[in-house]
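Examining the three-dimensional arrangement
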Amino acid sequence: MISRRNIRVKVMQTLYALETMEPGTIKPGTATSLLTEKLDQTSQIFTYLLYCLTQVAQYAEIDAQQRASKHLPSAEDLTVNTKIAGNEFIFQIINDKGFQVNLETWKLKHIPEQDMLRKLYNILVASDNYQEYIKEPSRNKKTEKEIIEYIYKEILSQSELFLQHMEDTFLHWGDDAEMMSLLVANYMHKPHLFNFLQLISREKLEYARELLLTVLDKKEYCLELIKPKLQNWDPERIAAVDMLLMEMGVCEFLFFPTIPTKVTINEYIDLAKAYSTPQSGQFVNGILDNILKDLDAANQIKKVDRNKK
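Below, the structure is looked at part by part.

The rules behind the values
- Residues numbered from 1 in each chain as written.
- Predicted model: local features only at pLDDT ≥ 70, side-chain atom pairs only at ≥ 80, totals over all residues.
- Heavy atoms only, no water.
- Helix = DSSP H or I, 4+ residues; strand = E, 2+ residues; numbered from the N terminus.
- Buried < 20%, exposed > 50% of the residue type's maximum accessible area, 1.4 Å probe, protein only.
- Contact = heavy atoms within 4.5 Å.
- Areas by Shrake-Rupley, 256 points an atom, 1.4 Å probe, with all protein chains shown as cover.
- Lys, Arg positive; Asp, Glu negative; His and termini not counted.
- Charge placed at Lys NZ, Arg CZ, Asp CG, Glu CD.
- Axes fitted to C-alpha atoms, helices over the stretch in contact; angles between N-to-C directions.
- Left-handed = near helix turned anticlockwise from the far one by under 90°.
- Nonpolar A, V, L, I, M, F, W, Y, C, P; charged D, E, K, R; others polar.
- Parallel < 35°, antiparallel > 145°, perpendicular 65-115°, else oblique.

**Examining the overall build of the protein chain**
Across its full length, the protein chain carries 14 helices and zero strands. Element order for the protein chain, N to C, with α for helix and β for strand: α-α-α-α-α-α-α-α-α-α-α-α-α-α. Expressed along its principal axes, the backbone C-alpha trace of the protein chain runs to roughly 80 × 45 × 35 Å. Counting the 309 residues in the protein chain, one finds 45% classified as buried. Considering only intrachain contacts with a sequence separation of at least 6, the fraction spanning at least 24 residues in the protein chain is 80%. When the accessible surface of the protein chain is split by element, carbon and sulfur atoms take 50% of a total near 16,600 Å². The positive charge centre, built from 37 side chains, and the negative charge centre, built from 43, are 5 Å apart in the protein chain.

**A look at the environment of Thr-214**
One can find Thr-214 in helix H10 (residues 202-217). Separated by 34 residues in sequence, Thr-214 and Met-248 place their C-alpha atoms 8.5 Å apart. Those residues within four positions of Thr-214 in sequence are excluded, and the remaining contacts are Cys-251, Phe-255 and Phe-256.

**A few points about the packing of helix H5 (residues 114-125) against helix H8 (residues 160-169)**
Where H5 meets H8, the axes come as close as 10 Å, and the angle between the chain directions of the two elements is 145 degrees. For the crossing formed where H5 meets H8, the hand is left-handed. Two secondary-structure elements touch here, H5 through Met-116, Lys-119 and Leu-120 and H8 through Leu-161, Phe-162 and His-165. Looking at the contact of H5 with H8 residue by residue, the classes come out as four nonpolar, one polar and one charged.

**Quick notes on the packing of H10 against helix H12 (residues 240-255)**
Interaxial distance between H10 and H12 falls to 10 Å at its minimum, and their mutual angle equals 110 degrees. Considering the angle they form, H10 stands roughly perpendicular to H12. Two secondary-structure elements touch here, H10 through Tyr-207, Glu-210, Leu-211, Thr-214 and Val-215 and H12 through Glu-247, Met-248, Cys-251, Glu-252 and Phe-255. Looking at the contact of H10 with H12 residue by residue, the classes come out as six nonpolar, one polar and three charged.

Structure follows, in structure tokens:
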């Protein structure tokens, strides 16, 4: 469910964090602990997005209560439609035990601001989609899911207020935002396949930890391969992220037999463009390509078909 690209980003961030720490503060287990925190963040964001969906929908009940309690409520105040609050898809999310465990573990329930939820709910109520939804007194699975999809795609994802809230709440929201749209869409399609307590498959979790520990273990060897290719570049002046990405790339060439070298190069070019300098993509591409040619010539690249492993 969580992409390898996202895994690579988390490993890169962990390696960068380790490089900025005082040597004496790094203890056995520090690296994997930091990585776990960063991977957990992805699960936190996913859980929180779905929680916000439920809260916007269930704000209908709060709105109905507040309007009915006015000193002189109007007929409209007394007849607020609260159908959305009982949406069957919303209850499927809420009743998931793993979802509830995540909410409690990471204390996510207290984060949403009531004023923000009110504004998002009011945008929803003003929409034609919502008005069509409440016109139909009965419920069916198709329309129940469609209105929740609408809230996510057209309300939350399009709201500058909500996106700023996510950025303020989750430090690395920008790293996960694009993938979250895919995750939420997948959840909407097949919610029964999701395990909130294990959003990262064992295979990808193993890959993340192995990549991190391999880069740390083989760092000196990787630098022996990288530094001769830098020519007139001063290694000390090269962006730290570029160096980390090249070390990760070399490790994938040599120690991850099921990952094609072309995939590795393309992934790290993309990450260099996204997380380093404007010239980093071309720079990382050139260095990794040169190293790969030497490794190929020395017959050091051993790749296997993942499906035949």
